[in-house]
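Structural overview
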Amino acid sequence: MSRTTRPALSLLRVAACTGVAALTLTACGSGSGSDSASTGSGSVKVGLITKTDTNPFFVKMKEGAEKAAKDDGAQLVTAAGKFDGDNAGQVTAIENMVASGVKGILITPSDSKAIVPAIQKARAKGVLVIALDTPTDPQSAVDALFATNNLKAGELIGEYAKAAMKGKTAKIATLDLAPGVSVGVQRHDGFLKGFGATDKDVLCAQDTGGDQAKGQTAMENCLQKEPGINVVYTINEPAALGAYTALKAKGREKDVLIVSVDGGCTGTQAVKDGKIAATSQQYPLKMAAEGVKAVVTYAKDGKKASGYTDTGVNLITDKTQAGVTSKDTAYGLENCWG
């Protein structure tokens, strides 16, 4: 998250903590925004920078990193953007973490291209940088990527939606993320590929930032533009629930197919409740845990993680379709986050 604006000290507090004499980020203590799980001054210091610190996806990612750091005897320092798309905040966080002596940084880039120069400076100083969830552009800007195959996640819900339409003419709306974010592009493109469609077949496309309120507004706009829309792709489940609210207000919630990506607990429950037909579930805890372990390994023996590690994705639905592999919401709720 993808991701929508997903409690924490602000990045200003990160800067304050790193700037005080004789103090490092580890002195910030627990709380929201920026903190660390310290295990001693001699331990490996690992940085985690997420897009926001309110989205359940990133909350779970932080929990995974904290547990892995504790298990590996590492020290975790965290920071987050003030909103999804806050590249400047993430640049500041990288600079602060490098100054504080982190051995590696795990980051979910808010802007896949704009963050690259800051990452290059960190790597030039010997810091291992691993992207989580969202690839940089180019992907080679980081040492490694641990993420869902977002193109595949999109394909899964596209294939599902195509099968669920059972030959009916599709009038498609796409509720996307924002320009410049690779995860949003990959999910969108994957959905169209899975459905066997192109952007020319999309009757209404709106950016939502992955936000529920913006998702509702986007759906309202699409219905005004094209009242006959019957298939809605959404970048994530908050946007999907916003779309559902708009459709319900028009009495259309029963005859419009909504598909999404993420697999958070609220979203998976919405699939169970019939508000969303299907979602592709991803696993942020695994991304973060594997990232922390990679930094610790690098600190101990100099071995750098490299390339792409697929952390998995499953289609979740209770309304199965022939030829489309899926798992039910019981599985989804057992493995959801947030």
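Here's a quick rundown of the structure. (Residues numbered from 1 in each chain as written. Predicted model: local features only at pLDDT ≥ 70, side-chain atom pairs only at ≥ 80, totals over all residues. Heavy atoms only, no water.)

1. Focus: the sheet that holds strand 8 (residues 202-207)
If you walk across this open sheet you meet the 6 strands as 8-7-9-10-11-13, and the pairing is mixed. Two strands close off the open sheet at either side, each with one partner strand: strand 8 and strand 13 (314-316). Neighbour-to-neighbour, the strand axes of the sheet open up by a mean angle of 15°, direction not taken into account. With 4 bridges joining them, strand 10 (residues 257-262) and strand 11 (residues 278-281) adopt parallel strand pairing. Bridge assignment links S260 to a residue of strand 11, and that residue is T279. The sheet contacts of helix 5 (residues 150-165) involve strand 9 (231-234), strand 10, strand 11 and strand 13, and relative to strand 10 the element is tilted by about 165°. Docked against the sheet, helix 7 (residues 212-225) engages strand 7 (172-176), strand 8 and strand 9, running at close to 155° with respect to strand 8. (Pairing = 2+ DSSP bridges. Helix = DSSP H or I, 4+ residues; strand = E, 2+ residues; numbered from the N terminus. Axes fitted to C-alpha atoms, helices over the stretch in contact; angles between N-to-C directions. Contact = heavy atoms within 4.5 Å.)

2. Overview of the side chain of Q321
Here Q321 shows up in the loop between strand 13 and helix 11 (329-334). Taking the relative accessible area as the measure of exposure, Q321 reaches 13% and is therefore buried. Separated by 3.0 Å, the side chains of Q321 and K166 make a polar contact. Ignoring anything within four residues of it in the chain, the contact list for Q321 reads Y160, A163, A164 and K166. (Buried < 20%, exposed > 50% of the residue type's maximum accessible area, 1.4 Å probe, protein only. Polar contact = N/O pair within 3.5 Å; in protein donor to acceptor, adjacent residues only side chain to side chain.)

3. Topic: the nonpolar core
Across soluble globular proteins, nonpolar side chains show a tendency to be buried alongside one another. Counting 28 residues, the largest nonpolar core has Y160, F191 and V259 as its most contacted members. Contributions of two or more residues to this core are made by helix 5, helix 6 (182-195), strand 9 and strand 10. Sort the elements by how many residues they give to this core and helix 5 lands first, with 7 residues. Setting aside residues up to four positions removed in sequence, Y160 forms contacts with V259, A277, A278, L315, T317, K319, Q321 and V324. Counting residues in hydrophobic clusters, the runner-up holds 27 residues, among them L48, F57, V295 and Y298. (Core = buried A, V, L, I, M, F, W, Y, C linked by side-chain atoms within 4.5 Å.)

4. Some details on the packing of helix 2 (residues 56-72) against helix 10 (residues 284-301)
Taken N-terminus to C-terminus, the directions of helix 2 and helix 10 make an angle of 35°; their axes are 7 Å apart at the nearest point. Here the hand of the crossing between helix 2 and helix 10 comes out right-handed. Together, F57, K60, M61, G64, A65, A68, A69 and D72 of helix 2 and P284, L285, M287, A288, A289, V292, K293 and V296 of helix 10 make up the contact between the two elements. Counted by class, the contact of helix 2 with helix 10 contains 12 nonpolar, 1 polar and 3 charged residues. (Left-handed = near helix turned anticlockwise from the far one by under 90°. Nonpolar A, V, L, I, M, F, W, Y, C, P; charged D, E, K, R; others polar.)

5. Structural notes on the state of the cysteines
Chemically, a disulfide is nothing more than a covalent bond linking the sulfur atoms of two cysteines. Across all of its chains, the model carries 2 disulfides by this definition. Between the sulfur atoms of C204 and its disulfide mate C222 the distance is 2.1 Å. Residues C204 and C222 share a disulfide whose torsion about the S-S bond is about -75°; that sign makes it left-handed. With C204 in strand 8 and C222 in helix 7, this pair connects stretches of sequence that are 18 residues apart. (Disulfide = S-S within 2.5 Å.)

6. Digging into the packing of aromatic side chains
Taken as a whole and judged by the stated rule, the model has 4 aromatic pairs. Consider the rings of F191 and F195, whose centres lie 5.8 Å apart with planes at 35°: the pair is tilted. Highlighted residues: F191 and F195, both in helix 6, separated by 4 residues, approximately one helical turn. A relative accessible area of 7% places F195 in the buried class. Ring centres of F191 and Y233 lie 5.1 Å apart, and the angle between their planes is 25°; on these two criteria the pair is classed as stacked. Of the two residues, F191 is situated in helix 6 and Y233 in strand 9; the sequence distance between them amounts to 42 residues. A relative accessible area of 0% places Y233 in the buried class. (Phe/Tyr/Trp six-rings, centres within 6.5 Å; stacked < 30°, edge-to-face > 60°.)

7. Some remarks on the packing of helix 5 against helix 6
Look at helix 5 against helix 6: their axes get within 6 Å of each other, and the N-to-C directions meet at 35°. For the pair helix 5 and helix 6, the sense of crossing is right-handed. Between helix 5 and helix 6, the contacting residues are N150, L151, G154, E155, I157, G158, E159, A161, K162 and M165 on the first element and V183, Q186, R187, D189, G190, F191, K193, G194 and F195 on the second. Of the residues assigned to the contact of helix 5 with helix 6, the class counts are 7 nonpolar, 6 polar and 6 charged.

8. Concerning the side chain of N87
Within the element layout of this structure, N87 appears in helix 3 (residues 87-100). Take N87: its relative accessible area is 16%, and that puts it in the buried class. If we skip the residues at most four places from it in the chain, N87 touches S110, D111, A114 and I115.

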